[in-house]
Amino acid sequence: MKALLAIWRRVRTSHAAMVSGGILVGIFVIAIVGPVVSPNDYLQTNFDKMLSPPGIAQLQIFGTDDLGRDLFVRSMLGVQVTIVIAIVASFVSLVIGVAYGAIAGYMGGRVDAIMMRFVDTLYALPFIFFVILLMVAFERNFLLIFVAIGAINWLDMARIVRGQTLSLREREFVQAARLTGVSTLRIIFRHIAPNLIGVVIVYVTLTIPQAILVESFLSFLGLGIQEPQTSLGALVDAGVNQTEGASWMLLIPAALLAIILLCFNFLGDAMRDVFDARDER
Amino acid sequence: MSLLQVDALTVRYGDVAAVNDLSFSIERGESVGLVGESGSGKTQTAMAILGLLPPTARTNGSIRLGGTELLGASEKNLNALRARKMAIVFQDPMQALNPFVRVGAQLGRILLQHKLADRKRAYAQVLEMLERVGLPDVERQYAAYPHQMSGGMRQRAMIASALITEPELLIADEPTTALDVTVQAQILELLAEIRRDTALLLITHDLGVVAGHCERMLVLEGGALVEQGTTQSVFAHPQHAHTSSLLAAAPRLDRADIPGGAPGDVVLQVENAAVTYAMQGREALHAVRGVDLTVRESETIAVVGESGSGKSSLVRAALGLVPMQAGRVALCGVHLQGLVEERPKATRRSVQLVFQDPAGSLNPQMRVAKIVAEPLRVHKPTLGELQRLESVTAMLEKVGLSAEYLDRYPHQLSGGQAQRVAIARALILKPKVLICDEAVAALDGTVREQILKLLRDAQTESGLSIIFISHDLSVVRAVSHRVMVMYMGATVELADNESLFGNAKHPYTRALLEAVPVPDPEHAGGKATLDGEIPSALNPPSGCAFHPRCPYAQEICSAEAPGERTVDGALVKCHFAGELLERR
């Protein structure tokens, strides 16, 4: 609790973290509360009000799409999906990647060689075919997208963490711990992992936008979220077909996507400074 | 007019004054020593003179070189001055030389850049300069990259690059701190010999270096000048209390103050240890070749030797941090095998290690309380949180740190404090053997004294055995009962303190002793009696490994490795061990 408070106190000193974090929290809150409060429903088609521009009538502030569905509610739904995917995918890649990389790096020798060759093999699989195969083999499934993105992202993380671990392993405080009899697992998770935080935070901030982009890309190709569910990527895809006459269908979800990506990038940059204990005076 | 005139120089960073109201002058051709502990503003002064301070620094006062004001001078004017009038030699030549450019080309560039020579003459001039700094086979060195040279050769090349423009002022910032003692002696002699009428400002923490090589000296404390005068008079009659304490803390070879008490039973025994590192695609490197080491209760044994002599590999193998190819280790009669992870837990708490770099040996992400408590967590898991904290606080108090340090992170500690924490962590389980690997090498004189006292107290209190690894013979003189000298992975001499420092039997030991700078201008020591540097362990010389550098070498030395001999109670590996005294 005390540690959390200390981190919070340091986060507060960073303007970039506060502003971008604030914007993200704001968007998330609206994304969760908005669809509940709004009188409109994401499924409800209305052929009388197809492609109506943003306005305050019926609280359709983002307008409607080509089936007359409320774009605000659908966009917020898309943000929800985007957030869930971003968080779950980067959490999966964080946990698997850090553990895998730290173990391979610390064990070294043959263990390291075998573990990293496995990573190389996975790298060699072409990602898009892999996803299409998954989609074909199983039903199109929300969960599959997490699996696909997580399964790809942890590879980079594992490589980066392993490289850092290789150099940390030779540091004297690790040798001191070995001498004292600290168990290998404890060395990896208490001595090595905390010192990886700088790199890991930076890398996670790269994977979150990356995961969001990958999801959008899949949805844009029609391989991701399926109608009537939606995501920002799917909304952009729909918007592209309506650029003439209903440009808001493209601009609004695209702008949301861009803002979220930018904020995550700024936030990550600031978090790296915050999490580095060496800066604490 | 003085060559360099510094008046009321102040260098500030925000509210902190790194240099405060400093005034001094240097005459043409003079050698002046600038001494002080770390943080006393020595390097800041040098950087201010050279105009190399970072933009965040605020300066005041005046620095005149031959009448030209340097503070506030334009970068263009400074560049011209830096090339022709002043030059600097840094501590680490590897950092100062460009790793991608051949050494000769780097030197030539200086001449060409400042239009001091055309291409043809530059080549000849560089070769001549390389020869003057004593580099062998200059044509080859001209074409060498910095990483292909040894540390001593690199520093020679650095000096060559500083002197090639024949500056009027040479600033040397700790030029030999990163070098072995025999190489240090060579470099200092070289500096004195070839600078001709170039004035020298020698920045150092080592009073022995100043005593041997400077006519005058300046003593800095906290950015202010506390004393200046001729070297003789300052050493003989220091006026300021800080100078006296620096002099008192300077280790000397003629003083030993070792706790008495007869050493007890054998605690740690290493027999015939061999350590080999596999080199990719090349022959293996034999770092340690069959070394014995025995430590008794309440005894301090020092292991000395230049870098690359295998002293660190020896103890790391004994500890099980690196694999040992051959030999056996016994702790109180219990045979220890394999790496440290494979050894019984109970034996692991009995041997602890303190490292050279105090900051690097503490996990930067852990607070002091957790660092010191970790051994307890492992070996006394039944201890409650409160009891553990009590033991940690008591241990910290023993090493001279109050409870307020419990919540600090390592980067919030000074070097000395961090080393105290490292010692607290090592001693909290009451080990039988403490290994100090260059544990005081990175510390200032007064702090070093405190740490050494701490170790002595721990020894008298609990009968701790200490293996003290050091390249610094004056520290070894002050702390050890017995001394083992290593050269290229083998023991060359093993004797008790008095006998080794009073009457060394091996020519290598003698050369080491003669090379140690003594803080006394009357007999300054620091003599370079050895040529060259320790050869590569990948390609060791035949016979006695020391013969290529040995002033007494005979034919037999290159043909046959000398066996172990006992002379006056000392173990010596030299064909002429007993006869050396008469030969002098």
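On a predicted model such as this, the values are computed, not experimentally measured, just so you know. (Residues numbered from 1 in each chain as written. Chains lettered and ligands numbered in written order. Predicted model: local features only at pLDDT ≥ 70, side-chain atom pairs only at ≥ 80, totals over all residues.)

Turning our attention to the overall build of chain B. Along its length, chain B carries 22 helices and 22 strands. Computed over C-alpha atoms, the radius of gyration of chain B comes to 25 Å, within 12% of the 25 Å expected from 2.2 N^0.38 for 584 residues, which places it in the range of a compact globule. With the C-alpha coordinates aligned to their principal axes, the bounding extent of chain B is approximately 70 × 65 × 50 Å. Every one of the 584 residues in chain B was classed for burial, and the buried ones make up 48%. For chain B, the share of sequence-separated contacts (at least 6 apart) that also reach a separation of at least 24 residues comes to 68%. (Helix = DSSP H or I, 4+ residues; strand = E, 2+ residues; numbered from the N terminus. Rg over C-alpha atoms; globule rule 2.2 N^0.38 Å. Buried ≥ 20, exposed ≤ 12 C-beta atoms within 10 Å, placed from the backbone. Contact = placed C-beta atoms within 7 Å.)

Let us look at the overall build of chain A. The number of helices and strands found in chain A is 11 helices and zero strands. When the helices and strands of chain A are placed in sequence order, the string is α-α-α-α-α-α-α-α-α-α-α. Its C-alpha atoms give chain A principal-axis dimensions of roughly 75 × 50 × 25 Å. The contacts of chain A with a sequence gap of at least 6 include a subset with a gap of at least 24, amounting to 68%.

Helix length check: helix 3 (residues 71–107) of chain A (37 residues) gives 52 Å between terminal C-alpha atoms against 54 Å at 1.5 Å per residue, within 8%. Gly108(A) sits one or two residues past helix 3 of chain A and shows a positive phi near 65°. (Expected span 1.5 Å × (residues − 1).)

Bringing the interface of chain B and chain A into the picture now. Taken residue by residue, the interface counts 24 residues in chain B and 18 residues in chain A. Mapped onto the side of chain B that touches chain A, the elements with two or more residues apiece are helix 13 (345–348), strand 16 (351–354) and helix 14 (368–379) of chain B. Here the element with the most residues in the side of chain B that touches chain A is helix 14 of chain B; it accounts for four residues. For the side of chain B that touches chain A, the per-class residue count stands at 10 nonpolar, seven polar and seven charged. (Nonpolar A, V, L, I, M, F, W, Y, C, P; charged D, E, K, R; others polar.)

This paragraph deals with the sheet that holds strand 5 (residues 68–69) of chain B. All names here are of chain B. Read from one edge to the other, the open sheet built from four strands follows the order 2-1-4-5, with strand pairing classed as antiparallel. At either margin of the open sheet sits one strand with a lone partner, and together these are strand 2 (16–26) and strand 5. The pairing of strand 4 (residues 58–65) with strand 5 spans two bridges and is antiparallel. Residue pairing across strands places arginine 64 opposite glutamate 69, the latter belonging to strand 5. Here helix 1 (residues 42–50) sits on the sheet and contacts strand 1 (4–13), strand 2 and strand 4; the angle it forms with strand 2, its principal contact strand, is near 65°. (Pairing = 2+ DSSP bridges. Axes fitted to C-alpha atoms, helices over the stretch in contact; angles between N-to-C directions.)

Okay, the sheet that holds strand 8 (residues 199–204) of chain B next. Residues and elements named next belong to chain B. The six strands are arranged 6-7-8-3-9-10 in an open sheet whose pairing can be described as mixed. Two strands lie at the open edges of the sheet, namely strand 6 (86–89) and strand 10 (224–230), each paired on one side alone. Mean inter-strand twist for the sheet, computed between neighbouring axes without regard to direction, equals 15°. Looking at chain direction, strand 6 and strand 7 (residues 169–173) are connected through four bridges and run parallel. Paired with valine 89 across the two strands is alanine 172, which belongs to strand 7. Contacts from helix 11 (residues 241–249) reach strand 3 (31–35), strand 9 (216–221) and strand 10, with the element oriented near 105° to strand 9.

Residue and element names in this part refer to chain B. Counting buried residues in strand 19 (residues 482–487) gives six out of six residues, a clear majority hidden from the surface. The side-chain alternation of strand 19 yields two buried faces, one formed by Arg482, Met484 and Met486 and the other by Val483, Val485 and Tyr487. Between the end of strand 19 and the start of strand 20 (residues 490–496), which pair antiparallel, lie two residues, with methionine 488 showing a positive phi angle near 50°.

All names here are of chain B. One non-glycine residue with positive phi stands out, namely glutamate 166, at about 50°. Structurally, the position occupied by glutamate 166 is in the loop between helix 7 (151–163) and strand 7. The class of glutamate 166 is partly exposed, set by 14 C-beta atoms lying within 10 Å. In this structure, asparagine 272 takes a positive phi of about 55° despite not being glycine. Residue position: asparagine 272 is located in strand 11 (residues 266–277).

Residue and element names in this part refer to chain B. The element strand 7 is largely enclosed, with a buried count of five among its five residues. What you see with strand 7 is no split at all: Leu169, Ile171 and Asp173 on one side and Leu170 and Ala172 on the other are buried throughout. Summarising the sheet, strand 7 and strand 8 pair through five bridges and their orientation is parallel. In the sheet register, aspartate 173 faces strand 8, and the bridge partner there is isoleucine 203. Remark: the strand 7/helix 8 (residues 181–194)/strand 8 crossover connection has right-handed handedness. (Right-handed = clockwise from strand over helix to strand, strands pointing away.)

Residues and elements named next belong to chain A. By the secondary structure assignment, glutamine 44 is in the loop between helix 2 (15–37) and helix 3. Given 12 C-beta atoms within 10 Å, glutamine 44 falls into the exposed group. Placed 26 residues apart in sequence, glutamine 44 and aspartate 70 show a C-alpha to C-alpha distance of 7.9 Å.

This part is about the packing of helix 7 (residues 172–180) of chain A against helix 8 (residues 184–192) of chain A. Residues and elements named next belong to chain A. Interaxial distance between helix 7 and helix 8 falls to 11 Å at its minimum, and their mutual angle equals 145°. In the crossing of helix 7 with helix 8, the sense of the turn from one axis to the other is right-handed. Packed against helix 7, whose contacting residues are Phe173, Val174, Ala177 and Arg178, the element helix 8 presents Ile187, His191 and Ile192 at the interface. (Left-handed = near helix turned anticlockwise from the far one by under 90°.)

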